[in-house]
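# Inside the fold
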Amino acid sequence: MNYAQQQRNPTRHIVGIGIVVLLHVLLIYALLNGLGRAVIDVIKPPITTKIVKEVPPPPPPPRAATRPAARSRSAGWDRPAAA
C-alpha cells in the first residue's frame, strides 16, 4: 500500500472527526452544567484590596536671592587709555 492510498482511507478520517466531535460535546456539556465555574473558583485566588493614601508632593525648593551682577574692572573699558 503506497502513501496516496493510505491517505484516501476514509475510516481514518471518520475516527479523527468523531474524536474531535466527542471532545467538543464533552466540553459543552461541562460548561453547561457549571463545571467551568467550579474550575474557575478553584483556580482564582481571593481578591485582596488596600486603601493607599496619596503622598503629598514635596515642598518647592527655596528661591535664591538674586543680586545684580557686579561690573568687572578687568575688561578695561572704563579705564582711561594709556598713552
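For clarity, every value in this text was computed on a predicted model and none was experimentally measured. Per chain, residues are indexed from 1 in the order of the written sequence. In view of the model being predicted, local features appear only for residues whose pLDDT reaches at least 70, and side-chain atom pairs are presented and counted only at 80 or more, with totals across whole chains, interfaces and linings using the full set of residues. With hydrogens and water stripped out, all remaining heavy atoms of the structure feed into the side-chain values.

## Section: the overall build of the chain
Heads up, the rule is: Think of it this way: any DSSP run of H or I at least four residues long counts as a helix, any run of E at least two long counts as a strand, and we number them from the N terminus. Categorising residues by exposure relies on relative accessible area from a 1.4 Å probe, with only protein chains included: less than 20% of the type maximum marks a residue as buried, more than 50% marks it as exposed, and the intermediate range marks it as partly exposed. Methods summary: accessible areas were calculated by the Shrake-Rupley approach with a probe of 1.4 Å, and residue burial reflects only the protein chains presented.
Tallying secondary structure elements over the chain gives three helices and zero strands in all. Ordered by position from N to C terminus, the α and β elements of the chain give α-α-α. Counting all 83 residues of the chain, 0% fall into the buried class. Accessible area of the chain: about 9100 Å², with a carbon and sulfur share of 66%.

## Notes on the confidence of the model for the chain
Atom-level detail of predicted coordinates should not be read off regions where pLDDT is low. This is how the line gets drawn: Values of pLDDT, the confidence the predictor places in each residue, fall between 0 and 100.
The predicted model of the chain has a mean per-residue pLDDT of 78, with 72% of residues at 70 or higher. The element-level mean pLDDT for the chain is lowest in helix α1 (residues 3-7), coming to 68, with helix α2 (residues 10-32) highest at 89.

## Quick look at α2
Our working definition: Between the first and last residue of a helix there are one fewer steps than residues, each counted as 1.5 Å, and that sum is the expected span.
Compared with the 33 Å implied by 1.5 Å per residue over 23 residues, the 33 Å span of α2 between its first and last C-alpha is a close match. Of the residues flanking the end of α2, it is Gly-34, one or two places downstream, whose phi is positive at about 85°.

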